[in-house]
Amino acid sequence: MSFHEVPAESLSFNPFEKISKEWMLVTAGTPAAANTMTASWGALGVWWGKPAATCYIRETRYTKEFVDANDCFTLSFFGDGCRDALKLCGSVSGRDRDKIAEAGLTLAFEGCAPYFEEAQMVFVCRKALALPMPKESFVDADAYENWYSKGAYADNFHTMYIGTIEKVLVRD
Ligand SMILES: Cc1cc2nc3c(=O)[nH]c(=O)nc-3n(C[C@H](O)[C@H](O)[C@H](O)COP(=O)(O)O)c2cc1C
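No experiment lies behind these values; they were computed from the predicted model shown.

A. Here's a closer look at the site of the ligand. Lining the immediate environment of the ligand, one finds 21 residues, of which Thr38, Tyr56, Thr63, Ser93 and Gly94 sit closest. In the environment of the ligand, an oxygen atom lies 2.8 Å from a nitrogen or oxygen atom belonging to the backbone of threonine 38. Relative to its free-state accessible area of 650 Å², the ligand is covered by the protein chains to the extent of 84%. When atoms are counted within 2 Å of each cavity's grid points, the one that captures over half of the ligand is the largest pocket. Breaking the shell around the ligand down by element, the ones donating at least two residues are β3 (34–39), β5 (50–58) and α2 (62–69). Grouping the constituent residues of the shell around the ligand by class yields nine nonpolar, nine polar and three charged.

B. Representation of the environment of alanine 108 in the model. Looking at the element boundaries, alanine 108 is found in strand β7 (residues 107–110). The exposure class of alanine 108 is buried, given its relative accessible area of 11%. Residues alanine 108 and proline 31, 77 residues apart in the sequence, show an inter-C-alpha distance of 8.5 Å. With near-sequence residues (within four places) excluded, alanine 108 lies in contact with Ala113, Pro114, Tyr115 and Glu117.

C. View of the packing of aromatic side chains. One pass over the structure, following the stated rule, counts 10 aromatic pairs. When the ring of tryptophan 47 is compared with that of tryptophan 48, the centres are 4.9 Å apart and the planes differ by 35°; the resulting orientation is tilted. Judged by relative accessible area, which is 28%, tryptophan 47 ranks as partly exposed. Note on phenylalanine 138 and tyrosine 148: the rings are 5.1 Å apart at their centroids and 40° apart in plane angle, and the pair reads as tilted. Note that phenylalanine 138 is positioned in the loop between β9 (121–132) and α5 (143–147) and tyrosine 148 in the loop between α5 and β10 (158–171), a separation of 10 residues in sequence. Given a relative accessible area of 7%, tyrosine 148 falls into the buried group. Taken together, the ring pairs connect Phe138, Tyr144, Tyr148 and Phe157 into an aromatic cluster.

Analysis parameters
Each chain has its residues counted from 1, running along the sequence as written. Local features are withheld for residues below a pLDDT of 70 in this predicted model, meaning they are given only at 70 or higher, and side-chain atom pairs are given and counted only at 80 or more; totals for whole chains, interfaces and linings count all residues. Hydrogens are left out, water is left out, and the side-chain values use all remaining heavy atoms of the structure. For this purpose, a residue is taken to be near a molecule or strand whenever a single non-hydrogen atom of the residue falls within 4 Å of it. Side-chain atoms alone can form a polar contact between residues adjacent in sequence; in general such a contact is a pair of N or O atoms within 3.5 Å, and within protein one must be able to donate a hydrogen while the other accepts it. Accessible surface area values rest on a Shrake-Rupley calculation with a 1.4 Å probe, where residue burial reflects the displayed protein chains alone. A cavity here means a set of 1 Å grid points, computed over protein atoms only, where a 1.4 Å probe fits but cannot escape. A pocket is an open set with protein on both sides within 12 Å along at least 5 of 7 lines, and lining residues have an atom within 4 Å of a point. A cavity or pocket is said to hold a molecule if more than half of that molecule's atoms lie within 2 Å of its grid points. Helix and strand assignments follow DSSP, with helices taken as H or I runs no shorter than four residues and strands as E runs no shorter than two, numbered in order from the N terminus. Residues were grouped as follows: Ala, Val, Leu, Ile, Met, Phe, Trp, Tyr, Cys and Pro as nonpolar; Asp, Glu, Lys and Arg as charged; and all remaining residues, including Gly, as polar. Using a 1.4 Å probe on the protein chains alone, a residue whose accessible area is under 20% of its type maximum counts as buried, one over 50% counts as exposed, and one in between counts as partly exposed. Whether two residues are in contact is decided by their heavy atoms: any pair within 4.5 Å suffices. Ring pairs are drawn from Phe, Tyr and Trp, using the six-membered ring of Trp, whenever the two centres fall within 6.5 Å, and their geometry is named by plane angle: stacked under 30 degrees, edge-to-face over 60, tilted for the rest.

Below you can see the structure in the form of structure tokens.
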């Protein structure tokens, strides 16, 4: 598959629908070692004067280690045909299984970040900010109870990553 680059300012879609309903893969690493996870929380906008993308990663995610260790990450968006692949990448850890291969996804590299040949649109992001979001920072009184109090979510807080968008790649 090949991709072409488009200016972020030329994009036209509903980000709420795209991120929360279609989901995305957050991916980081090198040709030697990379990992990915499904995400449905995120944001697209402007940060430090540039087009930027935000994702939120809980402490326990293996993907967090790759995002922390590398300068870049990508957000990849897919068509309906990859729904099962995104379900797998959102339910299995790369610590336990080679989920990228199992999902039938093919890693490709753009600059400092891995993405997927099967994607329809990819945001190549340079990490600009990594901000842990501890309980003390919550203003919403219900947030802890709703999102950080039970089971695998208990005290499993998110870190917010903002990346300035270096490239937007769209499938030809
Ligand atoms: C639809 C969906 C959305 C998800 N969104 C997020 C998210 O925004 N942040 C997060 O930390 N985990 C999210 N997850 C959970 C991770 O994708 C999941 O725990 C994954 O197995 C982590 O893989 P890893 O350990 O290889 O990084 C989501 C899962 C699904 C199915």
